[in-house]
Amino acid sequence: MRRPIIAGNWKMNKTNREARELAKSIIQKMATSSPLPEVVLCPPFTALETVKGVINGQRIELGAQNAFWENEGAYTGEISPNMLLTVGCRYVILGHSERRKYFSENDQTVNRKIKAVVSVGLSPILCVGERLEEREKGRTEALVDQQLRGALKGLSREEIENLVVAYEPIWAIGTGKTATPEQAAEVHGFIRNLISQLYDEKTSEELRIIYGGSVKPENARDLFSQPQIDGGLVGGASLQADSFWQIINSYPMGD
Ligand code: PGA
């Protein structure tokens, strides 16, 4: 049984004060005894410690939005996996399409980052996904194949035990366009298959694959009703407690 996971990617939003307020409001909404998916908040680096202080002891995990591939040294402006671990993170988003687009990240750098992150015991949330032109040319699977093989190169089965893969079609990120549940489920199935080829059946069955790209309260239930979709990586709609909570609450927990 895979435990569903809903992660909020706050991107470059929220000052410390705003982050504290948002985390508090999410906790209030989550004050229910019913089973919920695993919930992860990924604020900007500057708010990690603040948010950790608020969510300590609650049913919420902390995640970062990026990490460097070394643990210390002369790398001005970078943040290391060990620093994230010691501030209380469990997860790190890696290879987000915005990082690939604006900061020249590629499969090789993502691969180095995944290795560094898992070596300190953090769980990577690896983002993959195609651009619209690639989908239109029927290259979605080829691209996702390349991204996954590149990102996971040289990683053992044990090292990817806590990996989460986020399928995020780039054309759906922040655009209001969402992949249909069927489109998403198809790629999720492809990813699971590939993992079983690269590793084994058990690893692929246990891997959590989440969908990202304009997940909203209005479409969350349909997306999450697909058995291949183990949760969501939520950008815009995670910036408000109300909409984020509605998305969390849309996950069909055993119903
Ligand atoms: P969005 O972002 O929900 O605003 O589309 C998702 C993401 O980039 O992770």
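No experiment lies behind these values; they were computed from the predicted model shown. (Residues numbered from 1 in each chain as written. Predicted model: local features only at pLDDT ≥ 70, side-chain atom pairs only at ≥ 80, totals over all residues. Heavy atoms only, no water.)

Engineer: Would you take a moment to explain the overall build of the chain for this structure?
Structural biologist: Scanning the chain for helices and strands turns up 11 helices and eight strands. Projected onto the principal axes, the alpha-carbon positions of the chain cover approximately 50 × 45 × 35 Å. (Helix = DSSP H or I, 4+ residues; strand = E, 2+ residues; numbered from the N terminus.)

Engineer: Any chance you could explain the side chain of Glu38 here in plain terms?
Structural biologist: For Glu38, the location among the structural elements is in strand S2 (residues 38-42). For Glu38, the side chain forms a polar contact with the side chain of Tyr91, separated by 2.9 Å. Among the polar contacts made by the side chain of Glu38, one reaches the side chain of Arg208 at a distance of 2.8 Å. With near-sequence residues (within four places) excluded, Glu38 lies in contact with Arg3, Pro4, Ile5, Ile6, Glu61, Arg90, Tyr91 and Arg208. (Polar contact = N/O pair within 3.5 Å; in protein donor to acceptor, adjacent residues only side chain to side chain. Contact = heavy atoms within 4.5 Å.)

Engineer: Sorry, what's going on with the pattern of salt bridges here?
Structural biologist: Any two side chains of opposite charge can pair, given that their charged atoms come close. For the structure on display, the rule yields 17 salt bridges. Two residues, Asp242 and Lys29, come together in a salt bridge whose shortest N-O distance is 2.9 Å. Note that Asp242 is positioned in helix H11 (residues 241-248) and Lys29 in helix H1 (residues 16-29), a separation of 213 residues in sequence. For Asp242, a relative accessible area of 44% gives the class partly exposed. (Salt bridge = Lys/Arg side-chain N within 4 Å of Asp/Glu carboxyl O. Buried < 20%, exposed > 50% of the residue type's maximum accessible area, 1.4 Å probe, protein only.)

Engineer: Got a minute to help me understand the packing of aromatic side chains in this structure?
Structural biologist: Centre-to-centre distance and the angle between the planes together describe a pair of aromatic rings. Applying the stated criterion across every chain yields a total of five aromatic pairs. Both rings, one in Phe68 and one in Tyr75, keep their centres 4.7 Å apart while their planes meet at 45°; by these two values the pair is tilted. A residue is classified by how much of its surface remains accessible, and Phe68, at 10% relative accessible area, is buried. Members of the aromatic cluster, joined through ring pairs, are Phe68, Trp69 and Tyr75. Sitting above the plane of the Phe103 ring, Arg99 keeps its charged end 4.2 Å from the centroid. (Phe/Tyr/Trp six-rings, centres within 6.5 Å; stacked < 30°, edge-to-face > 60°. Lys NZ or Arg CZ within 6 Å of the ring centre and 35° of its normal.)

Engineer: Even after reading the chapter, I still don't get the site of the ligand, so can you show me in this structure?
Structural biologist: As a structural note, the neighbourhood of the ligand is formed by 13 residues, with Lys11, His96, Glu168, Gly174 and Ser214 the closest of them. Between His96 and the ligand, the recorded distance is 2.6 Å, taken from a side-chain N or O atom to an oxygen atom. Gly235 places a main-chain nitrogen or oxygen 2.9 Å from an oxygen atom of the ligand. Within the complex, the protein chains bury 95% of what would otherwise be the 280 Å² of accessible surface of the ligand. For the shell around the ligand, the class distribution of residues is four nonpolar, seven polar and two charged. (Near = heavy atom within 4 Å. Areas by Shrake-Rupley, 256 points an atom, 1.4 Å probe, with all protein chains shown as cover. Nonpolar A, V, L, I, M, F, W, Y, C, P; charged D, E, K, R; others polar.)

Engineer: Mind showing me how you'd approach the sheet that holds strand S5 (residues 123-128) here?
Structural biologist: With respect to topology, eight strands assemble into a closed barrel ordered S1-S2-S3-S4-S5-S6-S7-S8, the strand pairing being parallel. Pairwise comparison of adjacent strand axes, ignoring direction, gives a mean angle of 25° for this sheet. Sheet strands in contact with helix H7 (residues 140-151) are S5 and strand S6 (164-167), and its direction is about 150° off that of S5. (Pairing = 2+ DSSP bridges. Axes fitted to C-alpha atoms, helices over the stretch in contact; angles between N-to-C directions.)

Engineer: Explanation requested: the packing of helix H10 (residues 217-224) against H11 in the structure shown.
Structural biologist: Closest axis-to-axis distance for the H10/H11 pair is 8 Å, and the angle between their directions is 20°. Viewed along their axes, H10 and H11 adopt a mutual orientation that is roughly parallel. Judged by the twist between their axes, the crossing of H10 over H11 is right-handed. Taking contact as the criterion, the partners of Pro217, Ala220 and Phe224 in H10 are, on H11, Ser243, Gln246 and Ile247. For the contact of H10 with H11, the residue count by class is four nonpolar, two polar and no charged. (Parallel < 35°, antiparallel > 145°, perpendicular 65-115°, else oblique. Left-handed = near helix turned anticlockwise from the far one by under 90°.)

Engineer: Quick question: what am I supposed to make of the environment of Leu132 here?
Structural biologist: By the secondary structure assignment, Leu132 is in helix H6 (residues 132-136). Along the backbone, Leu132 and Pro169 are 37 residues apart, and their C-alpha atoms lie at a distance of 7.9 Å.

Engineer: In this structure, what is going on with the layout of surface pockets? I would like to understand it.
Structural biologist: Taking a probe equal in size to a water molecule and rolling it over the atoms shows the remaining empty space. Approximately 500 Å³ is the volume found for the largest pocket. What lines the largest pocket is a set of 19 residues, and nearest its centre among them are Lys11, Met12, Gln65, Arg99 and Phe103. For the lining of the largest pocket, the element with the most residues is helix H4 (residues 97-102), which contributes three residues. When its residues are assigned to classes, the lining of the largest pocket shows nine nonpolar, six polar and four charged. In terms of lining, the second largest pocket is formed by 20 residues, of which the most central are Ser97, Arg100, Lys101, Arg131 and Ile170. Of all elements in the fold, only H4, S5 and H7 reach the threshold of two or more residues within the lining of the second largest pocket. (1 Å grid on protein atoms, 1.4 Å probe; cavity = no way out; pocket = protein on both sides within 12 Å on 5 of 7 lines; lining within 4 Å. Points joined across faces, edges and corners; volume = space filled by probe spheres on them.)

Engineer: For this particular structure, what's the right way to read the pairing of S5?
Structural biologist: Put simply, side chains in a regular strand alternate between the two faces of the sheet. Most of S5 sits out of view: six of its six residues are buried. Here S5 shows two buried faces, one formed by Ser123, Ile125 and Cys127 and the other by Pro124, Leu126 and Val128. One ladder, built from four bridges, connects strand S4 (residues 91-94) with S5; its direction is parallel. Looking at the pairing, Ile93 lines up with Ile125 of S5. Here four bridges tie S5 to S6, and the two strands are oriented parallel to one another. Within the sheet, the bridge partner assigned to Leu126 lies in S6 and is Val165.

Remember, this is a structural readout, not a statement about activity or role.
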